[in-house]
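Structure assessment
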Amino acid sequence: MPKFLLLASLAVGASALAISTAARQIAVPPSMARVALPTAARPTAARSMPVVMMAAAAEDPGSKKEDPIFETLKTTSFFALWYLFNIGYNIYNKKALNALPIPWTMALLQLFVGIPYVTVLWLTGLRKTPKCSAENLKTLVPVSLGHLGTHIGAVISLGAGAVSFTHIVKASEPVVSAALSFLILGAVSSWQTYLTLLPIVGGVALASLKELSFTWVGFIAAMASNLSSALRGILAKKTMSGGVGENMTEANIYAVLTILAFLFLLPVSLIIEPPAAISAAWATATGAGLTPGYLTKMSLSAGAFYYLYNEVAFLALGRVNPVTHAVGNTIKRVVIIIASVIAFKTPISTLGVVGSSIAIVGTLLYSLAKTKFG
């Protein structure tokens, strides 16, 4: 096993242990999702989509009550898989983009890879097939566009710079979320919550100032991803609170959003990166000594990990309260940054380490303040 995978696995285990300790006390059984999750009021817009999904996809109240120990183990497993799949995605995605610098095509492929997987589940009856009317799909379209923007922005940023830098910038998402929530929803948070935005802004600014892998393309794309993620959460909250369609579990809603996002991205991707550009990138990569097998493995693995980590994330985040979620999300970002630095031997300045640490702590404080003070 490569060194970075071993260290990443150790980090995942440690993080999952920390999460499981909290989850023993505050895990939310799926059967209670309809009541518990909406009132939990997740701290950021990025989290509101899974919340709305869980509210729309809650199980029948009369479902069998699970054993607390089993529930804890299930929650811990979801968090561990969420972290592990996320690390796998970021590493395989970066390797694929390093070899084939065609981010629009890579983003399209990553959206596509999950479609055959979920189609098989539907056709075999392993998962109930969702039933959506034309009106339901119209409701999901704006959310799917936010989902698409979040993904393509992140892929472009990851292709333009270091994985660690992208995640440092994406730690500033609460700032974007707070601004858009005020502008679109008229939502005003407490002064304590707004105060926590200062270390986030300051930390990202410090990390970017002397970041050795800084690129404007990477920075702007990561901020565009933040903007799309915040809009996705706001749109989901406004349009999906009453539920959509039948058999729309959290996993099925994510699958439908992915299919819609793929359909919207397909023509755009072919215009920006036509087949000739894709062929040229492939020829350049193979000419540099990379085998077709390697290129295929990196590209498809990134797509598989992308779909799986998102699906598991919805399952994990729907089972815990806002505090555990905030801690888990913060630890996840730290784990990804550490794993990517180890995997790619990314040089980070002292100011970058200090700045990223401040930004990540600020993100956690924002989540906790939003939960307590609103």
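Residue numbering note: each chain is counted from 1, following its sequence as written. The predicted origin of the model limits local features to residues at a pLDDT of at least 70 and limits the giving and counting of side-chain atom pairs to 80 or more, whereas totals for whole chains, interfaces and linings rest on all residues. Water and hydrogen atoms were dropped before computing side-chain values, which therefore reflect all heavy atoms in the structure.

Thoughts on the nonpolar core
Take the buried residues of types Ala, Val, Leu, Ile, Met, Phe, Trp, Tyr and Cys, join any two whose side-chain atoms come within 4.5 Å, and each joined set is a nonpolar core. Under the scheme applied here, a residue whose accessible area is under 20% of the maximum for its type counts as buried, over 50% as exposed, and between as partly exposed, the area being computed with a 1.4 Å probe on protein chains only. Among the nonpolar cores identified, the biggest contains 50 residues, and Trp82, Tyr89, Leu100 and Leu111 are the most heavily contacted of them. Put simply, DSSP marks the helices as runs of H or I at least four residues long and the strands as runs of E at least two long, and each gets a number from the N terminus on. Looking at this core, the elements with two or more residues in it are α4 (68-99), α5 (103-124), α6 (134-160), α12 (250-272), α13 (275-287), α14 (292-317) and α15 (322-344). Note on contacts: a residue pair qualifies if any of its non-hydrogen atoms lie within 4.5 Å across the two residues. Residues contacting leucine 100, with those up to four places away along its chain left out, are Met106, Ala281, Trp282, Ala285, Leu295 and Ser299. Counting residues in each nonpolar core, the second largest holds 9 residues, with Leu140, Met248, Val256 and Leu260 among its members.

Some points on the side chain of histidine 167
With respect to the helices and strands, the residue histidine 167 is situated in helix α7 (residues 163-170). Overall, the relative accessible area of 8% leaves histidine 167 in the buried class. Setting aside its immediate chain neighbours within four residues, histidine 167 contacts Asn90, Arg333, Ile336 and Ile337.

Comments concerning the side chain of arginine 232
If you trace the backbone, arginine 232 turns up in helix α11 (residues 216-239). For the buried arginine 232, which has no salt bridge, the nearest side chain bearing the opposite charge is glutamate 173, at an N-O separation of 6.0 Å. Counted charges follow a simple rule, with Lys and Arg positive, Asp and Glu negative, and His plus the chain ends left uncounted. Any carboxyl oxygen of Asp or Glu within 4 Å of a side-chain nitrogen of Lys or Arg constitutes a salt bridge here.

So, the packing of α5 against α12
Every angle, taken between N-to-C directions, lies between 0 and 180 degrees, and every axis is a line fitted to C-alpha atoms, over only the stretch in contact when it is a helix. Running from N to C, α5 and α12 point in directions that differ by 145°, and their axes come no closer than 8 Å. Classified by chirality, the crossing of α12 by α5 is left-handed. Contacts between α5 and α12 involve Trp104, Thr105, Ala107, Leu108, Leu111, Phe112, Ile115, Val118 and Trp122 from the former and Asn252, Ala255, Thr258, Ile259, Ala261, Phe262, Leu265, Leu266, Val268, Ser269 and Ile272 from the latter. All residues other than Ala, Val, Leu, Ile, Met, Phe, Trp, Tyr, Cys, Pro, Asp, Glu, Lys and Arg, Gly among them, are scored as polar; the first ten of these are nonpolar and the last four charged. Partitioning the contact of α5 with α12 into residue classes produces 16 nonpolar, 4 polar and no charged. Rotating anticlockwise by less than a right angle from the far helix to the near helix defines a left-handed crossing, while the corresponding clockwise rotation defines a right-handed one.

Side note on the confidence of the model for the chain
pLDDT expresses how confident the predictor is about each individual residue, on a scale running from 0 to 100. Averaged over all residues, the pLDDT of the chain is 79; the fraction at 70 or higher stands at 78%. Counting contacts from residues 21-48, a segment whose pLDDT is below 50, to residues more than four positions away or on other chains yields 68 contacts.

As for the environment of valine 169
By the element assignment, valine 169 lies in helix α7. Judged by its relative accessible area of 0%, valine 169 falls in the buried class.

Topic: the packing of aromatic side chains
Between rings of Phe, Tyr and Trp, where Trp is taken as its six-membered ring, a pair exists when centres lie within 6.5 Å; planes separated by under 30 degrees are stacked, by over 60 edge-to-face, and by other angles tilted. As enumerated under the stated definition, the model contains 12 aromatic pairs in all. A centroid spacing of 5.6 Å and a plane angle of 40° characterise the contact between phenylalanine 112 and phenylalanine 262, whose relative ring orientation is tilted. Linking phenylalanine 112 in helix α5 with phenylalanine 262 in helix α12, this pair joins segments that are 150 residues apart in sequence. Given a relative accessible area of 14%, phenylalanine 262 falls into the buried group. With a centroid separation of 5.6 Å and 70° between ring planes, the pair formed by tyrosine 117 and tyrosine 307 is classed as edge-to-face. Here tyrosine 117, found in helix α5, pairs with tyrosine 307, found in helix α14; they are 190 residues apart in sequence, far enough to count as distant. Residue classification places tyrosine 117 among the partly exposed positions, given a relative accessible area of 34%. Through successive ring pairs, a cluster of aromatic residues spans Phe79, Trp82 and Tyr83.

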